[in-house]
Amino acid sequence: MMSSSERKRVAVIGSGASGLPAIKSCLDEGLEPVCFERTNEIGGLWHFTENPIEGQGCVMKSTVINTCKEMMCYSDYPIPDDYPIFMHNSQVFSYFKLYADAFKLRDYIRFNTEVLTVKKADDFVTTGRWEIQSQNLETKETKTEIFDGVLVCSGHHAEKHDPELPGLKSFQGKVVHSHDYRDPQNMQDKRVVIVGIGNSGGDIAVELSRIASQVVFDFSPLFIYLFIYLFIYLFIYLFIYLFVCLFVYHRPDSPVNGALHDSPLNGALSDSPDNWVLSDSPVNWALPDRPVNWVLPDSPVNWALSDRTVNWALSDSPVNWALSDSPVNWALPIAQSIGLYLIASQLAFA
């Protein structure tokens with residue numbers, strides 16, 4: 001066994017969903033990991049905080065993960081059986097803590113420590129080593145160290161994207177970025193425009209539609225083209241899957257019959273190995289039923305609304321700024337397309 005002085009040192013930046021298994025993998029390979037975490041807790045995005053922190057991503061209070069636990073768990077530490085298939089963010093965070101404690105990963109994490117710079121060491125050409133400068137956010141002490149490798153596990157939700165939108169600076173209402181959105185408080189009976197239809201935009205729309213007087217969605221035409229493509233792809237995909245089910249799976253003498261039925265994915269999709277649960281799809285099915293108005297980017301822009309007290313919830317998509325009361329509801333075909341696509345993907349690869 002190599003001594004600690006002989007082991008290669010690897011810097012791991014971030015102790016979230018990627019950082020924790022990175023530490024574990026380094027230990028499994030006989031490396032010496034040093035993890036830099038600028039907050040006081042593990043979990044990254046899944047460590048919910050009531051107040052927004054600049055440079056730190058965070059889920060909403062109501063966020064439920066859209067990946068089933070059988071697919072998202074670490075291979076060396078299954079999620080407890082009593083956890084639901086699609087977990088609330090508090091349960092995801094709890095699982096990360098269980099994982100870190102089980103393998104004593106906290107011993108290798110420097111909390112409240114921010115990485116300032118990462119650059120090649122002077123002898124990088126011959127050794128491949130890296131120089132990292134970090135700062136303790138409590139003592140303000142800086143430190144420079146040399147590492148044999150660097151694993152960047154900080155994710156892509158830490159910094160928010162603020163698009164340049166015409167008229168935004170003169171708008172008199174409240175502007176909230178999805179990065180800073182936590183819950184629907186103070187949105188009662190407000191008129192809300194949501195720019196962008198990513199995961200954050202969809203969840204915020206559903207949540208606010210229950211208490212706001214009006215919710216208007218604005219999204220890019222690229223989104224429509226994408227789902228036309230997905231719909232065509234899904235149709236072909238489902239046709240092949242139904243062919244297999246009807247002409248192969250249900251034939252008593254087919255070897256595929258037993259293979260599909262005994263597949264671990266079959267039981268993974270529900271609590272019963274004989275039940276393919278469609279209701280547990282990670283798609284937010286509440287969206288089609290909510291009173292949300294959908295606007296296309298080429299709709300007539302009405303800047304008279306810019307002086308009204310309207311709350312704007314911005315998601316990450318820098319799409320065109322378009323206001324309209326168009327009652328066109330694109331939610332149903334979109335939600336159905338996503339849901340069927342994801343379900344078919346899981347079933348076909350069983």
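Residues numbered from 1 in each chain as written. Predicted model: local features only at pLDDT ≥ 70, side-chain atom pairs only at ≥ 80, totals over all residues. Heavy atoms only, no water.

### Section: the overall build of the protein chain
So the rule is basically this: In DSSP terms, a helix is any run of H or I states spanning at least four residues, a strand is any run of E spanning at least two, and both are numbered starting from the N terminus. Partly exposed residues are those whose accessible area sits between 20% and 50% of the maximum for their type, while under 20% is buried and over 50% is exposed, using a 1.4 Å probe and protein chains only. By the convention used here, residues are in contact when the closest approach between their heavy atoms is within 4.5 Å. Residue burial considers only the protein chains on display, and all accessible areas are found by Shrake-Rupley using a 1.4 Å probe.
When you go through the protein chain residue by residue, the secondary structure sums to 9 helices and 12 strands. Expressed as a percentage of its 350 residues, the buried residues of the protein chain come to 42%. Within the protein chain, counting contacts between residues at least 6 apart in sequence, those at least 24 apart form 62% of the total. Carbon and sulfur atoms form 56% of the exposed surface of the protein chain, whose accessible area is close to 19100 Å².

### Quick notes on the pairing of strand 5 (residues 130–136)
What counts here: Strands are labelled as partners when DSSP assigns at least two bridges between them.
When strand 4 (residues 113–120) meets strand 5, the two strands line up antiparallel, connected through 7 bridges. Note on strand 5: the bridge partner recorded for Lys120 is Trp130. As paired elements, strand 5 and strand 6 (residues 142–147) share 6 bridges and run antiparallel to each other. Bridge pairing in strand 6 places Gln133 opposite Thr144. Here strand 5 folds back onto strand 6, and the loop between the two strands holds 5 residues, one of which, Lys140, carries a positive phi near 65°.

### Brief notes about the sheet that holds strand 5
Filter applied, for reference: Axis definition: a line fit to C-alpha positions, over the contact stretch in the case of helices; interaxial angles, taken between N-to-C directions, run 0 to 180 degrees.
Across the sheet, which stays open at both edges, the 3 strands sit in the order 4-5-6 with antiparallel pairing between neighbours. Every other strand in the sheet has two partners, leaving strand 4 and strand 6 as the edge strands with one partner each. Taken pair by pair, the neighbouring strands of this sheet meet at an average axis angle of 25°, ignoring direction.

### Examining the nonpolar core
This is how it is decided: As used in this record, nonpolar core signifies buried Ala, Val, Leu, Ile, Met, Phe, Trp, Tyr and Cys residues forming a set joined through side-chain atoms within 4.5 Å.
Ranked by size, the top nonpolar core spans 23 residues in total, and within it Leu20, Met87, Val92 and Phe96 carry the most contacts. When residues of this core are traced back to their parent elements, those giving at least two are helix 1 (19–28) and helix 3 (89–102). With 6 residues, helix 3 is the single largest residue contributor to this core. Residues Val176, Ile194, Leu208 and Phe217 belong to the second largest nonpolar core, which totals 13 residues.

### As for the confidence of the model for the protein chain
Put simply, the rule reads: Confidence scores here are pLDDT values: one per residue, from the predictor, ranging 0 to 100.
Confidence in the prediction for the protein chain averages 76 pLDDT; 65% of positions are at 70 or higher. Of the regions scoring below 50 in pLDDT, residues 249–257 engages in 10 contacts with residues more than four places distant in sequence or in other chains. Across residues 265–283, confidence stays below pLDDT 50; counting only partners more than four residues off in sequence or on other chains, it has 40 contacts.

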